[in-house]
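Letter by letter, the chains look like this.
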Amino acid sequence: MRREAGNFPFLLKNADFLGKTEKTAQGCFVGPHFSIFCAVNFAKTTIHFQNSSRSVTLHVPSLVFRGLPFLKFLLVVGFLLFLAQFAATTVYHGLLNHVLEDRAELDRDLSQIQGMVDYLNRTSADFLGDEQRLHSKYGLPLPDEEERSLGTGGSVEPKSKLLMETSPVFEKMANLRDEANRLQGKLDNNSGAFYNLTDFIKQKQSAWRFVPSISPTQGRYASSFGPRIHPVTGEVGKMHYGVDIANDRWTPIYASADGVVDVAQMSSTFGNFVTINHGNGIVTRYGHMQMSLVNPGQFVRRYQIIGYMGNTGRSVGPHLHYEVWVNNNPVNPLAYMLPGDYAVD
């Protein structure tokens, strides 16, 4: 392609009737009212086709070629803007994917926390049911679940309310926080009640350890509580203040509850006998033992061996004479013996 410069006047309008005209510095002829025509520089451009003798000649205004640097500048600026937009879009999508991944992970964490809160709610309900059963067992007033929930709510700040309304995540987090606060209040109330109940049970268990509740030895019941014919004297209607349990000599004899030994001595009637004071007006007596293993003032525990079965004192054979006294009155010892190996603990 070849370009040749030339001056080609470009006629804008036929204006012979306009009269006198003037030529400006730019080469335009001006009439008394408006411009008539201007001289425009053209460049002659010839286009030759390869492998052909044909060619095309074009007359292009030189103004086009003078504007090429500006067009190149626009193209470069446009390309740079395209690269900047592409980079910004790539970074934006990368950050958006990262945020979406964090959002999904946060949703999973919130779901796990929600599951844990639900489990704790169910567990606290089970605790309340167990506590109610314990209260019923010990004859205590039943706890009120509504009272346990008092003081665990609260108002929502306007800013928090706006976040909850505009973002599901914030709403879920706020709900979890409220549930956690309610659960914390419940657990605090439950823990206080459980501590009180535990102390009460410990006191009860401590008292029950001093209540006779087991058979002091093994064997057969040879004589029951109440009037009887005395086996030695033959006296009719003689009051028998305990029960007789017969077995082989040297059969172990156990303390039927915790207590302090009051008496451990030989008697002409009861032979080797031991008296244990269990407190609260309860006393147990053990007679006709072959040998006693405790001393007055000694503290003994339930199931502790205090001696062995024998035939000492006024007796017709190896057996244990066992009495229970409550507030200085003899009672039927069978009322203080649980069946089998059961004991009050």
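Summary of the structure given here. (Residues numbered from 1 in each chain as written. Predicted model: local features only at pLDDT ≥ 70, side-chain atom pairs only at ≥ 80, totals over all residues. Heavy atoms only, no water.)

1. Quick look at the overall build of the protein
Along the protein, the regular secondary structure elements total five helices and 17 strands. Across the 345 residues in the protein, those meeting the buried criterion constitute 28%. Sequence-distant contacts, at least 24 apart, represent 60% of the contacts inside the protein between residues at least 6 apart. Element-wise, carbon and sulfur atoms account for 57% of the exposed surface of the protein, whose accessible area totals about 22800 Å². (Helix = DSSP H or I, 4+ residues; strand = E, 2+ residues; numbered from the N terminus. Buried < 20%, exposed > 50% of the residue type's maximum accessible area, 1.4 Å probe, protein only. Contact = heavy atoms within 4.5 Å. Areas by Shrake-Rupley, 256 points an atom, 1.4 Å probe, with all protein chains shown as cover.)

2. A look at the environment of Lys204
Relative to the elements of secondary structure, Lys204 occurs in helix H5 (residues 168-208). On the basis of relative accessible area, Lys204 is assigned to the partly exposed category, the value being 32%. Taking the C-alpha atoms as reference points, Lys204 and Tyr138, separated by 66 residues in sequence, lie 9.0 Å from one another.

3. So, the packing of aromatic side chains
Going through the model one piece at a time under the given rule, you end up with five aromatic pairs. On the basis of an interplanar angle of 40° and a centroid distance of 5.3 Å, the ring pair of Tyr286 and Tyr322 is categorised as tilted. With Tyr286 in strand S13 (residues 282-292) and Tyr322 in strand S16 (residues 319-326), this pair connects stretches of sequence that are 36 residues apart. Residue classification places Tyr286 among the buried positions, given a relative accessible area of 1%. For Tyr322, a relative accessible area of 0% puts it in the buried group. Positioned over the ring face of Trp325 is Arg285, at 4.7 Å from the centre of the ring. (Phe/Tyr/Trp six-rings, centres within 6.5 Å; stacked < 30°, edge-to-face > 60°. Lys NZ or Arg CZ within 6 Å of the ring centre and 35° of its normal.)

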